[in-house]
Amino acid sequence: MEVSTTGGGMVLTDEYSCSVLIMNTERKPAVVRFSGCMQMKFGYPNDEALIGHALYGNCSYGVYEVIGSNWFDTLQEQNRARFPESKWVRKRHFSFIFHESMGEFLADDVQVEAFDGGFDDMALKAMQWALARPDTCPPNLLPHQEA
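Quick summary incoming for the structure in this document. (Residues numbered from 1 in each chain as written. Predicted model: local features only at pLDDT ≥ 70, side-chain atom pairs only at ≥ 80, totals over all residues. Heavy atoms only, no water.)

Let's talk about the overall build of the protein
No. 1: Counting its regular elements, the protein contains two helices and eight strands.
No. 2: Secondary structure elements in the protein, listed N-terminal to C-terminal, are β-β-β-β-β-α-β-β-β-α.
No. 3: With 147 residues in all, the protein has 36% of them scored as buried.
No. 4: At a minimum sequence separation of 6, the contacts of the protein that also span at least 24 residues come to 60%. (Helix = DSSP H or I, 4+ residues; strand = E, 2+ residues; numbered from the N terminus. Buried < 20%, exposed > 50% of the residue type's maximum accessible area, 1.4 Å probe, protein only. Contact = heavy atoms within 4.5 Å.)

Here's what the structure looks like:
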């Protein structure tokens, strides 16, 4: 499946997962899931200001993996200020360059899944999926009933 880079996406994230809801090139909704997402950035710059970005100045719209990125190393070094013996499992740096925004994701892996139905239905399903993951979702994020 080819991912559309016009417009942008809707981001659903917590400290354990990150999903971006987008439209594919056939104008059908798709979910991009980043497993083991450690950190993400989404928004600026748009395509007009992209030329001023140190990594992406000459890139066109698309989905990329940044090889040789120092983003993970910077975070690990920052963590060592408090936990000097800690050593994390290396993450991969992914980047989406859309027409009006961009996203960067530091994660273990990425998967794209097409969705049958409308964008609103997909957004609701993605939220339900995120909330139903008891192994990774803290209890305070789950819906609860007042006693």
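Now that the structure has been shown, we can carry on.
Notes on the side chain of Lys91
No. 1: Tracing the chain through its elements places Lys91 in the loop between helix 1 (71–80) and strand 6 (92–97).
No. 2: Other than its neighbours up to four places away in sequence, Lys91 contacts Gly36, Met38, Phe72, Leu106, Ala107 and Asp108.

A few points about the nonpolar core
No. 1: In terms of nonpolar packing, the biggest core is built from twelve residues, these being Cys18, Val20, Ile22, Ala30, Val32, Phe34, Cys37, Phe94, Phe96, Phe98, Phe105 and Ala107.
No. 2: Mapped onto this core, the elements with two or more residues apiece are strand 2 (18–23), strand 3 (29–35), strand 6 and strand 7 (102–107).
No. 3: Dropping the residues within four chain positions of it, Val32 is found in contact with Cys18, Ser19, Val20, Ile22, Phe96, Val110, Gln111 and Val112.
No. 4: Of all hydrophobic cores here, the second largest spans seven residues; its members include Leu12, Leu21, Val31 and Ala126. (Core = buried A, V, L, I, M, F, W, Y, C linked by side-chain atoms within 4.5 Å.)

Digging into the sheet that holds strand 5 (residues 62–66)
No. 1: Judged by pairing direction, the sheet is antiparallel, and its four strands sit side by side in the order 4-7-6-5 without closing on themselves. The strands lining the two open edges of the sheet, one partner per strand, are strand 4 (39–43) and strand 5. In this sheet, neighbouring strand axes are inclined to one another by 15° on average, regardless of whether the strands run parallel or antiparallel.
No. 2: Pairing geometry for strand 6 and strand 7, over six bridges, is antiparallel. When the sheet's bridge partners are listed, Ser95 is paired in strand 7 with Glu104. (Pairing = 2+ DSSP bridges. Axes fitted to C-alpha atoms, helices over the stretch in contact; angles between N-to-C directions.)

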